[in-house]
Amino acid sequence: MFEDLVGHFEKTRDRRILDLFADDQRVNDFSITLGDVLFDFSRINIDPEALDLLCDLAAKVDLNKKRQDMFSGVHINRTEDRAVLHTALRRPETDSLIVDGIDVVPGVHDTLRRMAAFCDDVREGRFQGQGGAITDVINIGIGGSDLGPDVACQALAPYHDGPKTHFVSNIDSADITETLGGLNPETTLVIVASKSFTTFETMLNARTTMNWMGQVVENPRAQFVAISSALEETEAFGISEDRVFGFENWVGGRYSIWGPIGLSLMLAVGPDDFAEFLAGGHDMDRHFCTAEWRKNIPVMMALVGIWHSQVCGHATRAVIPYDNRMARLPAYLQQLEMESNGKRVDMDGNPVDYHTGPVVWGEPGTNGQHAFFQLIHQGTRIVPCEFLIAARGHEPELHHHHQAVIANCLAQAEALMKGRSREQAREMLRAQGVEGDALERLARHREFPGNRPSVTLAYPQLTPRMLGRIIALYEHRVFVEGVILGINSFDQWGVELGKELAKSLLNAVSEHRPSRSAGPGTQNILSFLREFDPD
Ligand code: F6P
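Once a new chain begins, its residue numbering starts again from 1 and follows that chain's sequence as written. Given that this is a predicted model, residues contribute local features only at a pLDDT of at least 70 and side-chain atom pairs are listed and counted only at 80 or more, while totals for whole chains, interfaces and linings are drawn from all residues. Hydrogens and water molecules were not included; the side-chain quantities draw on all heavy atoms of the structure.

A. Spatial organisation of the site of the ligand. Taken together, 14 residues lie near the ligand, and G144, S145, S194, S196 and T199 sit nearest. Here a polar contact is taken to be a pair of N or O atoms separated by no more than 3.5 Å, where protein atoms must pair a possible hydrogen donor with a possible acceptor and residues adjacent in sequence count only if both atoms sit in side chains. One nitrogen or oxygen atom from the side chain of T199 is found 2.5 Å from an oxygen atom belonging to the ligand. All accessible areas in this document rest on Shrake-Rupley with a 1.4 Å probe, and a residue is counted as covered only by the protein chains that are shown. For the ligand, the protein covers 87% of the area, taking 390 Å² as the surface of the free molecule. Of the two site types, the cavity is a set of points on a 1 Å grid over the protein atoms alone where a 1.4 Å probe fits but cannot get out, and the pocket is an open set with protein on both sides within 12 Å along at least five of seven lines, each lined by residues with an atom within 4 Å of a point. Just a note on the criterion: a molecule sits in a pocket or cavity if more than half of its atoms are within 2 Å of the grid points. Most atoms of the ligand, that is more than half of them, are within 2 Å of grid points of the largest pocket. Three categories are distinguished: nonpolar for Ala, Val, Leu, Ile, Met, Phe, Trp, Tyr, Cys and Pro, charged for Asp, Glu, Lys and Arg, and polar for the others, with Gly belonging to the last. For the shell around the ligand, the class distribution of residues is two nonpolar, nine polar and three charged. Residues are counted as near a molecule or strand when any one of their heavy atoms sits within 4 Å of it.

B. Geometry of helix α16 (residues 399–418). Here a strand is any run of E in DSSP of at least two residues, a helix any run of H or I of at least four, and the numbering for each starts at the N terminus. Here the expected span of a helix is defined as 1.5 Å times the quantity of residues minus one. Over its 20 residues, α16 extends 28 Å from the first C-alpha to the last, a length consistent with the 28 Å expected when each residue adds 1.5 Å. The buried label applies to any residue whose accessible area, calculated with a 1.4 Å probe on protein chains only, is under 20% of its type's maximum; exposed applies above 50%, and partly exposed to all values in between. Among the residues of α16, H402, C409, Q412, A413, L416 and M417 are the ones counted as buried. Relative to the axis of α16, the buried residues are bounded by an arc of 130 degrees and lie together on one face. Any pair of residues with heavy atoms lying within 4.5 Å of one another is described as a contacting pair. Residues of α16 that are buried make contact with α2 (17–20), β12 (316–322), α15 (373–378), β14 (385–390) and β15 (454–459). Two residues or fewer past α16, G419 is found with a positive phi of approximately 65 degrees. For this quantity, the arc is that covered by the directions from the helix axis to the C-beta atoms.

C. Summary view of the environment of G148. With respect to the helices and strands, G148 occurs in helix α7 (residues 147–155). Accessibility expressed as a relative area gives 2% for G148, which makes it buried. Counting along the chain gives 192 residues from G148 to S340, while the straight-line C-alpha distance between them is 15 Å. If sequence neighbours within four positions are ignored, G148 has contacts with I257 and Y332.

Dropping the structure here:
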């Protein structure tokens, strides 16, 4: 599938990215401006011919038709026979979208209104805990029922004017203990967020929290709300129907921040800012659906991803937000991208003979610079980097900090591309008074090969609307890459096996007996652990 592209890459792999700028149109041709968002992909080893080939590939897989299928509610998640319509959650009320004979937009807005009314009640003190106004909200969920609201709540901290939000996801007792430790059960609201309402981690944490609250308040259930599409399960858990916010099965877990799973965000920032966040997502949807491919940020970002991962063979990509409040973005993208595109068979179940989605990882700048950037600059592996940078922070009185953030972000991209030659290293050392053998030896360590690719997403400020655009952008990038790879980006069968084995091992662990099905390596570790915890 990628033969022509690989052939082109083989011919051009040794050229210098810097030399591509001899074409003075390069910055224009290899960057896209969408209103106040800039996506620059000029500093990678790609040329117009490669872009043509990538666009041919997108045409060959019928990208426009597939995009239309997703937006119109065709059941493109074929293994679960489901439509994929998270984009419907951010459609304006004036839109209509008939899916399986029903207009889904009014239902979306009814739910948003219910969420907004509840949030207003909490934020304005009409809904109270058993000891007074709600001061804290705990979102108990995992995966898509945690990462989306968590990243968004952190990212939009300057807009918080509601109760304080906390996130518990891990089954490890440390997570729930550390969160509950600082809270007052009488003024805490608990959101149990689980699409299925059967996820082991979430249900265990929810029960532990219910017990914690029940020791102090008379009716803990009254301070619980549920977000789920499994209404029978929420009822069985004892959460009254008017405290349940449901969503349809056409919203995948990792794409669900736009609806009820975003309740914690709405509680924190208020319904108006949440509406702005949705509007940002919708801005990106319109751009994705209407802009020609060469001027379409999600499409170009995906083609760059395919170029680096499938064509150049770079197995990972680093996402480095120069925005500390986006610290959870890499974790969020790990689920979004790797649960979506970490597949080994095509839509028909045939094994693919190419690599699918890359490993995604990262940390905020500038911290990453003092940790793993050594490898990115001088290691033997190439790691394409994606930088995110805002023009302004939210602390005008500390503007000089933000200026330093910008300088560092720009410096990294520049250093990655330009590098430093051996001769430049020698000159630098000579100026420091180093001579002779030491000069030559040290110059080798101080040389940077450069020619390392990075792209940059720049925007004025991390507002609710901008965050909506950014998250929707990544969703669509994942979609386009998945279409080109010919895989189903919307199921996640790969998470099942481990869950099943954990269930049977839990019996062995709690009943103090060897597992009937586990192999000798597992038995060995099990008996070692038991020795140190005979209880
Ligand atoms: O185990 C993976 C997964 O199903 C994710 O896809 C999902 O986001 C997460 O678990 C949580 O699922 P739920 O919202 O049903 O609790």
